[in-house]
Amino acid sequence: MIDLRRALVSALALLLVSGSAWADDAALKTGIDLSHHNEVTDWSEIGKASPLFVILKATDGLDWLDPTFVDRFRTAGNEGVVRGAYHYYETDDDPAKQAEWFISNVTLKAGDLPPIVDIEHIAAPIDDDLLKDFDTFLGKLEAHYGHAPIIYTGPNFWDHAMKESLPGKRLWIADYNVDHPEIPDGWNDWTIWQYTDSFDLSGVNGKVDASYFNGSADDFQAVLIK
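All of these numbers come straight from a predicted model, not from anything done at the bench.

*Asks:* Is there a simple way to explain the environment of Gly 168 in this structure?
*Replies:* In this fold, Gly 168 is placed in the loop between α6 (155-161) and β10 (171-174). Placed 18 residues apart in sequence, Gly 168 and Ile 150 show a C-alpha to C-alpha distance of 9.8 Å.

Here you go:
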């Protein structure tokens with residue numbers, strides 16, 4: 001993990017986002033994700049800390065909008081932080097309507113991360129159309145935003161429930177307390193690795209989830225919406 005941090009420092013030290021250079025501290029090359037469960041105390045402090053990105057929970061299922069999303073998404077942009085937004089996918093809700101709900105609440109611009117979907121739980125009973133429905137959801141987001149969604153999941157969940165699916169999408173893998181994340185079936189590598197849920201960042205009260213980006217400064221820019 002130390003080697004990975006050093007690699008990120010050298011690769012990203014000169015990265016410019018919204019006209020601001022990143023700080024040199026290795027720990028600040030980590031990106032974070034936030035939802036209403038996290039208390040943000042000072043966005044200006046987060047901006048000064050220069051996390052690589054901030055991903056915010058936006059929507060869940062058919063009709064839930066995170067009450068902190070709209071304000072935080074706007075504020076992150078104002079602070080020059082690369083933003084992302086994710087939808088928590090409910091397997092027992094209509095996939096097309098879930099996509100429409102996310103689209104109606106999330107406007108992504110150049111410099112933002114592509115849309116992100118969190119799939120980590122299957123509501124009983126398991127529908128035979130699970131994989132087809134998930135593909136429908138992904139397709140609608142890609143058609144609207146012009147970028148394939150990033151999929152957030154865990155290796156055990158994916159290999160147990162979704163391994164027949166070959167997503168062909170970028171992977172945000174959640175895998176803690178390991179030196180290297182386990183890659184689920186259907187992928188060759190990860191794009192983002194959520195490596196801890198106990199990260200400290202100035203401007204946020206309490207521990208937050210934190211992730212690394214896998215690649216160089218140019219690789220990171222290539223992921224962002226054009």
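*Asks:* Is there a simple way to explain helix α3 (residues 69-78) in this structure?
*Replies:* Structurally, the α-helix is built with 3.6 residues per turn, so residues lying three or four positions apart point the same way. Within the span of α3, buried status applies to Phe 69, Arg 72, Phe 73, Thr 75 and Ala 76. Take α3 and look down its axis: the buried residues cluster within an arc of 170°, on one side only. Backbone geometry just after α3 places Gly 80 at a positive phi near 75°.

*Asks:* Would you explain the side chain of Asp 33 in this entry?
*Replies:* By secondary structure assignment, the location of Asp 33 is in strand β3 (residues 31-34). Within the buried core, Asp 33 has no salt-bridge partner, and the shortest N-O distance to an opposite charge, that of Arg 72, equals 9.8 Å. A polar contact is formed between the side chain of Asp 33 and the side chain of Gln 194, at a distance of 3.0 Å. Residues contacting Asp 33, with those up to four places away along its chain left out, are Asn 38, Ile 55, Trp 172, Gln 194, Asp 209, Ala 210 and Ser 211.

*Asks:* How should I be thinking about the pattern of salt bridges in this particular structure?
*Replies:* Once the charged atoms of two side chains with opposite charge are near each other, the side chains can pair. For the structure shown, the criterion picks out 5 salt bridges. A salt bridge links Arg 83 to Asp 112; the nearest nitrogen and oxygen atoms lie 3.0 Å apart. Of this pair, Arg 83 sits in strand β7 (residues 83-88) while Asp 112 sits in the loop between α4 (95-105) and β8 (116-118); the two residues are 29 residues apart in sequence, bridging distant segments of the chain. Summarising the burial analysis for this pair, Arg 83 and Asp 112 share the class buried. Lys 207 serves as the salt-bridge partner of Asp 200, at 2.8 Å between the closest nitrogen and oxygen. The class of Lys 207 is partly exposed, set by a relative accessible area of 46%.

*Asks:* Sorry if this is basic, but what is going on with the confidence of the model for the protein chain here?
*Replies:* Detailed reading of the predicted coordinates is not advisable wherever pLDDT falls low. Averaged over all residues, the pLDDT of the protein chain is 87; the fraction at 70 or higher stands at 85%. In this model, residues 1-28 is a region of pLDDT below 50 whose contacts with residues beyond four sequence positions or in other chains number 57 contacts.

*Asks:* Is there a simple way to explain unusual backbone geometry in this structure?
*Replies:* What you tend to see is this: most non-glycine residues have negative phi, and most peptide bonds are trans. Non-glycine residue Ser 50 carries a positive phi angle of around 55°. Mapping Ser 50 onto the fold places it in the loop between α2 (43-49) and β5 (54-60). Even without glycine at this site, Asn 177 takes up a positive phi of about 60°. Residue placement: Asn 177 occurs in the loop between β10 and β11 (192-199). Here Asn 177 falls in the exposed class, since its relative accessible area comes to 79%.

*Asks:* Could you clarify how one ought to interpret the side chain of Thr 153 in this entry?
*Replies:* Within the fold, Thr 153 resides in strand β9 (residues 150-153). The exposure class of Thr 153 is buried, given its relative accessible area of 0%. With near-sequence residues (within four places) excluded, Thr 153 lies in contact with Ile 119, Trp 158, Leu 171, Trp 172, Ile 173 and Ala 174.

*Asks:* Would you explain the packing of α4 against helix α5 (residues 130-145) in this entry?
*Replies:* Axes are the key here: two packed helices are described by the angle between their axes and the distance separating the axes. Across the interface, α4 lies against α5 with an axial gap of 8 Å and an inter-helix angle of 30°. Comparing the axis directions of α4 and α5 gives the class roughly parallel. Crossing of α4 against α5: the hand is right-handed. Counting all contacts with α4, which are made through Pro 95, Ala 96, Gln 98, Ala 99, Phe 102 and Ile 103, the residues of α5 involved are Asp 133, Thr 136, Phe 137, Lys 140, Leu 141, His 144 and Tyr 145. Counted by class, the contact of α4 with α5 contains 8 nonpolar, 3 polar and 2 charged residues.

About the thresholds
- Residues numbered from 1 in each chain as written.
- Predicted model: local features only at pLDDT ≥ 70, side-chain atom pairs only at ≥ 80, totals over all residues.
- Heavy atoms only, no water.
- Helix = DSSP H or I, 4+ residues; strand = E, 2+ residues; numbered from the N terminus.
- Buried < 20%, exposed > 50% of the residue type's maximum accessible area, 1.4 Å probe, protein only.
- Arc of directions from axis to C-beta.
- Lys, Arg positive; Asp, Glu negative; His and termini not counted.
- Salt bridge = Lys/Arg side-chain N within 4 Å of Asp/Glu carboxyl O.
- Polar contact = N/O pair within 3.5 Å; in protein donor to acceptor, adjacent residues only side chain to side chain.
- Contact = heavy atoms within 4.5 Å.
- pLDDT = per-residue confidence, 0-100.
- Axes fitted to C-alpha atoms, helices over the stretch in contact; angles between N-to-C directions.
- Parallel < 35°, antiparallel > 145°, perpendicular 65-115°, else oblique.
- Left-handed = near helix turned anticlockwise from the far one by under 90°.
- Nonpolar A, V, L, I, M, F, W, Y, C, P; charged D, E, K, R; others polar.

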